[in-house]
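As a plain string of letters, each chain reads:
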Amino acid sequence: MTKKTPQLTDQAVLTAYNVLKDVVDHTPLQYSAYLSQRYDCQVYLKREDLQPVRSFKIRGAYYAISKVPASQRAQGVVCASAGNHAQGVAWTSAKLNIPAVIFMPTITPKQKVDQVKFFGGSNVTIKLVGDSFDDAQAAANDYCQSHSMTFIAPFDNLDTMAGQGSLAVEVINDAVQKELHLDYLFAAVGGGGLLSGISTHFKKSSPQTKIVGVEPAGAASMAAAFAKGQPTNLTQLDKFVDGAAVKKVGALTYATCQANVDRLMQVPEGQVCQTILDLYSKMALVAEPAGALSVAALEQYQDQIHGKTVLCVISGGNNDFNRLPEIEEKALIYAGYQHYFIAHFAQRAGALRQFVNEVLNSDDDITKFEYTKKVHSDKGPVLIGVRLGQVENLSGLLERLAEFDPNYLNLQEDQTLYRMLV
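Residues numbered from 1 in each chain as written. Predicted model: local features only at pLDDT ≥ 70, side-chain atom pairs only at ≥ 80, totals over all residues. Heavy atoms only, no water.

1. So, unusual backbone geometry
Phase 1 of the analysis: Here the phi dihedral of Arg-54 falls at roughly 60°; this positive angle occurs in a residue that is not glycine.
Phase 2 of the analysis: Inspection of the secondary structure puts Arg-54 in the loop between β2 (42–47) and α3 (57–66).
Phase 3 of the analysis: Phi is positive for Ser-148, close to 55°, though the residue is something other than glycine. (Helix = DSSP H or I, 4+ residues; strand = E, 2+ residues; numbered from the N terminus.)

2. What to know about the nonpolar core
Phase 1 of the analysis: Counting residues in hydrophobic clusters, the biggest one holds 35 residues, and the most contacted among them are Phe-186, Leu-298 and Ile-305.
Phase 2 of the analysis: With 5 residues, the top contributor of residues to this core is helix α13 (residues 289–296).
Phase 3 of the analysis: In this structure, Phe-186 is in contact with Val-212, Val-214, Met-265, Ser-294, Ala-297, Leu-298, Tyr-301, Ile-305, Val-310, Leu-311, Cys-312 and Val-313, ignoring residues within four places of it in sequence.
Phase 4 of the analysis: The next biggest cluster of nonpolar side chains, apart from the first, holds 34 residues, and it includes Ile-58, Ala-61, Phe-119 and Leu-252. (Core = buried A, V, L, I, M, F, W, Y, C linked by side-chain atoms within 4.5 Å. Buried < 20%, exposed > 50% of the residue type's maximum accessible area, 1.4 Å probe, protein only. Contact = heavy atoms within 4.5 Å.)

3. A look at the pattern of salt bridges
Opposite charge on two side chains permits them to pair, given that their charged atoms come into close proximity.
Phase 1 of the analysis: Enumeration according to the criterion identifies 14 salt bridges in this entry.
Phase 2 of the analysis: Linking Arg-38 and Glu-299 is a salt bridge whose minimum nitrogen-to-oxygen distance equals 3.2 Å. With Arg-38 in helix α2 (residues 33–39) and Glu-299 in helix α14 (residues 298–305), this pair connects stretches of sequence that are 261 residues apart.
Phase 3 of the analysis: Judged by its relative accessible area of 37%, Arg-38 is partly exposed.
Phase 4 of the analysis: Lys-330 is the salt-bridge partner of Glu-269, the closest N and O atoms lying 2.7 Å from each other. With Glu-269 in helix α12 (residues 269–283) and Lys-330 in helix α15 (residues 324–335), this residue pair connects regions lying 61 residues apart in the sequence. (Salt bridge = Lys/Arg side-chain N within 4 Å of Asp/Glu carboxyl O.)

4. Points about the sheet that holds strand β6 (residues 150–151)
Phase 1 of the analysis: Taking strand neighbours across the sheet as the criterion, the 4 strands line up as β5-β4-β3-β6 in an open arrangement whose pairing is parallel. Edge positions in the open sheet fall to β5 (124–128) and β6, since each of these has one partner strand only.
Phase 2 of the analysis: Note that strand β3 (residues 77–80) and β6 share 2 bridges and pair parallel. Residue pairing in the sheet places Val-77 in a bridge with Thr-150 of β6.
Phase 3 of the analysis: Helix-sheet contacts for helix α7 (residues 133–147) involve β3, β4 (100–104), β5 and β6, and the interaxial angle to β3 is about 165°. (Pairing = 2+ DSSP bridges. Axes fitted to C-alpha atoms, helices over the stretch in contact; angles between N-to-C directions.)

5. Overview of the packing of helix α1 (residues 10–20) against helix α9 (residues 193–205)
Phase 1 of the analysis: Where α1 contacts α9, the axes come no closer than 9 Å and their chain directions differ by 110°. What the angle tells us is that α1 and α9 run roughly perpendicular. Contacts between α1 and α9 involve Asp-10, Val-13 and Leu-14 on the former and, on the latter, Gly-197, Thr-200, His-201 and Lys-204.
Phase 2 of the analysis: Among the residues forming the contact of α1 with α9, the class breakdown is 2 nonpolar, 3 polar and 2 charged. (Parallel < 35°, antiparallel > 145°, perpendicular 65-115°, else oblique. Nonpolar A, V, L, I, M, F, W, Y, C, P; charged D, E, K, R; others polar.)

6. What to know about the packing of aromatic side chains
Phase 1 of the analysis: Inspection of every chain in the model, using the stated rule, returns 14 aromatic pairs.
Phase 2 of the analysis: When the ring of Phe-345 is compared with that of Phe-355, the centres are 5.2 Å apart and the planes differ by 35°; the resulting orientation is tilted. With Phe-345 in strand β11 (residues 338–346) and Phe-355 in helix α16 (residues 351–358), this residue pair connects regions lying 10 residues apart in the sequence.
Phase 3 of the analysis: Given a relative accessible area of 3%, Phe-345 falls into the buried group.
Phase 4 of the analysis: Since its relative accessible area comes to 1%, Phe-355 is described here as buried.
Phase 5 of the analysis: Joined through ring pairs, the aromatic side chains of Phe-345, Phe-355, Phe-369 and Phe-404 make up one cluster. (Phe/Tyr/Trp six-rings, centres within 6.5 Å; stacked < 30°, edge-to-face > 60°.)

So this is what it looks like as structure tokens:
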């Protein structure tokens, strides 16, 4: 007889809330006039980016560690993470004055390593191991066994899930106070810890609210689990939305989400990037890619949410500003403004002038131009980036480009070449 996977209970979430209410910040349920006007509904944001570590992960980390028996906890805790979970564990270790060993991949940006050091101080030891999260996690598990320390799971642990769910208790309490009846709730899905906690409490306290889990299109591991009927490894994983890029969801999170979540949906990374820039420019809100997923989902859902009351969980705000050029680039490509081509130019004076005059629209701009003259050849390949003045001008530009060079390459149609050359 197959043993049934346990599910998170609402009582566990409420117990976690009572532990955490005097520890973590009760983040605001904030009305967004901009998003409400844009989508013709009432949009509220749960601002977990305002936590001390700028992420909801502080909840699950603290509660899971607090549940470890005191004598065992004093021996120290271990985690593997390149992001928000590591910061939550580090912050907790300093708060409880216990040692923590945090394993991070060697490719982790220095900014993230420095943040973990900042929150954990002298209580934290950081070990950079391997080139991937899987390498770091394997090393962390080995270290736990050899040093009699406790591993703090990032999502597939009932205590971690209950801690994340404490934010749902805050939301319900605030909604009652504001006399709000929430029709939809959107929250990011990575490993599923956040969505498990939220959906468990909402199904008990606000069953009329539709719970929508939002995944990156390139890392839809919960959708893969739903389709397979059990957690399954993705064959490919796009790590751009790093806070939600998980190859395989947990057995516990899958069982809980499968029971409580109304729908899963996927958002392309370009839409996520547009949302990050939009939140910053319109609301001065800094969201990391995973933190923007819930708001990015509204674009696809605008017909269903018309006139409704909607909640989006801003799950984190740890965005590395060094990534902004990449984020802007992806947003422009997704919106249809930025394009890259390889075209063959005649190797003579005036060839570029001909291209500008005969191919480009009057309000287009050249953003990239790379060309090296070839010896003993009448033509040479040029890598050229074009930013359209108007998206509608693309079809005419492609027609004129085909006349200029019938053998041109559109790099948007060849992602391998695009990554290598752009």
